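# Topology and contacts: notes
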Amino acid sequence: MYLETSDIVHKVILYTKEEQIEFYGSLSQIEKSDPRLFKCHKSFLVNPENIIKLDKSTGTVYFENGGVCYVSKLKLKKLIERIWTMTAINFVLDNLDFLAEIILFILIYQYITSEKIKLRWYIIIPLIIRFLFVLSPALSYVLGHAFLVVYSFYRNRYGNRLLDIFYGLFPIVIESLVHNLIIYGIALVINRHYMIVLNHFHLNLVIELLVFPVFWLIIKTLKVDFKALNYGFRKSFSKYFLLLIDISMLSYALLLQYITFFCNRALEEEIGMFISW
């Protein structure tokens, strides 16, 4: 949440969402280590993302854990600008990341089915789903992960309903797997925890843009021929194998958010000292 100088010389206190940690260090050194941090007072260092209220009349900021920090008059204007800028940037990046994910689903679908999808649908569908998010986040989420299944059923290109399900679910599953693979790779390279990488909007957008190139590279390296794969799946003897794949992918898609939510909460508690700044 924020840091404060301690009464003990050369020590600072880190206030997280659930605890206080006191250690040797200086606010100036810590500020240089993370660009998200802002020194609003000689005794306080805050992460503007965690501020829930700013009282300009008293120069006070409030946090989710009930903590309070003071802002010097010289830093008040800069802090307000920082909060507005951060909010605007995060809003734009969050929307771009959402749109990129839907576009990626369509792109992967086109690649594995060899079906030509007109460019306008790469724009119209993501915008419609994002608009629905404003009206109903739950409906938007369901539609965002089910529209390819519905479309595949409607097209029924190969006259095989199990294959239709496979085509609709494969982009969702592969996007999730490759996305997490890249996150772990970046975390290892920059020597940061997985959750710290995941907590950055700008990195999430970059990772989303890298998913298809990485997916394409993996497919080319493994020499996967989707045309041959599609032909094989249309054989009657493979229907039970395809059914097993569909059930596995459907289970993964349904449990994805549930698992992610609880795993992320556990990881946040484990490394709360780092991601709560």
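The rules we used
Residues take numbers from 1 onward in each chain, read along the sequence in its written order. Where local features are concerned, this predicted model is filtered to residues with pLDDT of at least 70; where side-chain atom pairs are given and counted, the filter is 80 or more; whole-chain, interface and lining totals use all residues. Based on all heavy atoms of the structure, the side-chain values leave hydrogens and waters out of the count. The way it works is that DSSP assigns letters per residue, a run of H or I at least four long becomes a helix, a run of E at least two long becomes a strand, and they are numbered from the N terminus. When a residue's accessible area, from a 1.4 Å probe over protein chains only, is under 20% of the maximum for its type it is buried; when over 50% it is exposed; and in between it is partly exposed. Every residue pair with non-hydrogen atoms within 4.5 Å of one another is taken to be in contact. The criterion for strand pairing is that DSSP finds at least two bridges linking the strands in question. Throughout, the protein atoms alone are placed on a 1 Å grid, and a set of points is a cavity if a 1.4 Å probe fits but cannot get out or a pocket if it is open with protein on both sides within 12 Å along at least five of seven lines; lining residues have an atom within 4 Å of a point. Grid points are joined across faces, edges and corners, and a volume is the space filled by probe spheres set on the points. For this scheme, ten residues count as nonpolar: Ala, Val, Leu, Ile, Met, Phe, Trp, Tyr, Cys and Pro. Four count as charged, namely Asp, Glu, Lys and Arg, and the remainder, Gly too, count as polar. Nine residue types can take part in a nonpolar core, namely buried Ala, Val, Leu, Ile, Met, Phe, Trp, Tyr and Cys, and a core is a set of them joined through side-chain atoms within 4.5 Å. Note: pLDDT gives the predictor's confidence per residue, expressed from 0 to 100. In this analysis, axes come from line fits to C-alpha atoms, helices being fitted only over the stretch in contact, and the angle between any two N-to-C directions falls in the range 0 to 180 degrees. Every angle not falling under 35 degrees, over 145, or within 65 to 115 is termed oblique; those three ranges are roughly parallel, roughly antiparallel and roughly perpendicular. To estimate the expected span of a helix, count its residues, drop one, and scale the result by 1.5 Å. Polar contacts here mean pairs of N or O atoms no more than 3.5 Å apart (in protein, one a potential hydrogen donor and the other a potential acceptor; neighbouring residues in sequence count only if both atoms are side-chain atoms).

### Comments concerning the overall build of the protein
Per the secondary structure count, the protein includes 10 helices and eight strands. By the burial criterion, 43% of the 277 residues in the protein qualify as buried. Taking the intrachain contacts of the protein between residues at least 6 apart in sequence as the baseline, contacts between residues at least 24 apart amount to 57%.

### With respect to the environment of cysteine 69
By the secondary structure assignment, cysteine 69 is in strand β8 (residues 68–70). Look at cysteine 69 and you get buried, because its relative accessible area is 0%. For the pair cysteine 69 and serine 43, spaced 26 residues apart in sequence, the C-alpha to C-alpha distance is 8.9 Å.

### Observations regarding the pairing of strand β6 (residues 51–55)
Within a regular strand, the side chains alternate between the two sheet faces. In this sheet, strand β7 (residues 60–63) lies alongside β6 in antiparallel orientation, the contact comprising four bridges. Note on β7: the bridge partner recorded for isoleucine 51 is phenylalanine 63. Taken together, β6 and the strand that follows it, β7, pair antiparallel across an intervening segment of four residues, in which glycine 59 is found at a positive phi of about 65°.

### Examining empty space enclosed by the protein
For the structure shown, the criterion picks out one cavity of 30 Å³ or more. Estimates place the volume of the largest cavity at around 40 Å³. In terms of lining residues, the largest cavity is bounded by Tyr109, Thr113, Glu115, Ser152, Arg155, Arg157, Tyr158, Asp164 and Tyr167. Among the elements of the structure, α2 (73–113), α4 (137–155) and α5 (161–189) are those that each provide at least two residues to the lining of the largest cavity. Taken together, the residues of the lining of the largest cavity break down into three nonpolar, two polar and four charged.

### Let's talk about the nonpolar core
Ile108, Ile112, Phe147, Phe166, Phe170, Phe215 and Met249 are the most contacted members of the largest nonpolar core, which totals 37 residues. Secondary-structure elements contributing two or more residues to this core are α2, α3 (119–135), α4, α5, α7 (201–222) and α9 (239–270). Top element by residues in this core is α5. It accounts for 12 residues. In this structure phenylalanine 215 touches Ile108, Tyr111, Ile112, Phe170, Ile174, Val178 and Phe226, once residues within four positions along its chain are discounted. Counting 16 residues, the second largest nonpolar core, distinct from the first, contains Met1, Cys40, Val46 and Leu79.

### Looking at the confidence of the model for the protein
On average, residues of the protein score 81 in pLDDT, and 86% of them reach the 70 mark or higher. In this model, residues 266–277 is a region of pLDDT below 50 whose contacts with residues beyond four sequence positions or in other chains number 30 contacts.

### With respect to the side chain of aspartate 164
In this structure, aspartate 164 sits in helix α5. On the accessibility criterion, aspartate 164 (2% relative accessible area) is buried. Setting aside chain neighbours within four positions, we find aspartate 164 in contact with Ser152, Phe153, Asn156 and Arg157.

### A closer look at the environment of isoleucine 103
Position of isoleucine 103 among the secondary structure elements: in helix α2. In this structure isoleucine 103 comes out as partly exposed when scored by relative accessible area, which is 32%. In this structure, the C-alpha to C-alpha distance between isoleucine 103 and isoleucine 123, residues 20 residues apart in sequence, is 7.9 Å.

### Focus: the packing of α3 against α4
Running from N to C, α3 and α4 cross one another at 155°; their axes reach a closest spacing of 6 Å. Between α3 and α4, the crossing angle belongs to the class labelled roughly antiparallel. Together, Ile125, Ile129, Leu132, Phe133 and Leu135 of α3 and Pro137, Leu139, Ser140, Leu143, Gly144 and Phe147 of α4 make up the contact between the two elements. In terms of residue class, the contact of α3 with α4 is made up of nine nonpolar, two polar and no charged.

### Focus: the sheet that holds strand β1 (residues 2–5)
Across a sheet, paired strands are connected by hydrogen bonds in the backbone, their directions being either parallel or antiparallel. The sheet built from five strands is open, its strands ordered β3-β2-β1-β5-β4 with antiparallel pairing. Among the strands making up the open sheet, the edge pair consists of β3 (20–24) and β4 (38–41). Neighbouring strand axes in the sheet, compared pairwise and without regard to direction, differ in orientation by 25° on average. Here β1 runs beside strand β2 (residues 11–15); their pairing, made up of four bridges, is antiparallel. Looking at β2, one finds that tyrosine 2 is bridged to tyrosine 15.

### Remarks on α5
Taking 1.5 Å as the rise per residue, α5 with 29 residues should run 42 Å; its terminal C-alpha atoms sit 42 Å apart, in good agreement. For α5, the N-terminal cap is asparagine 160; the gap from its side-chain oxygen to the backbone nitrogen of leucine 162 is 3.0 Å.

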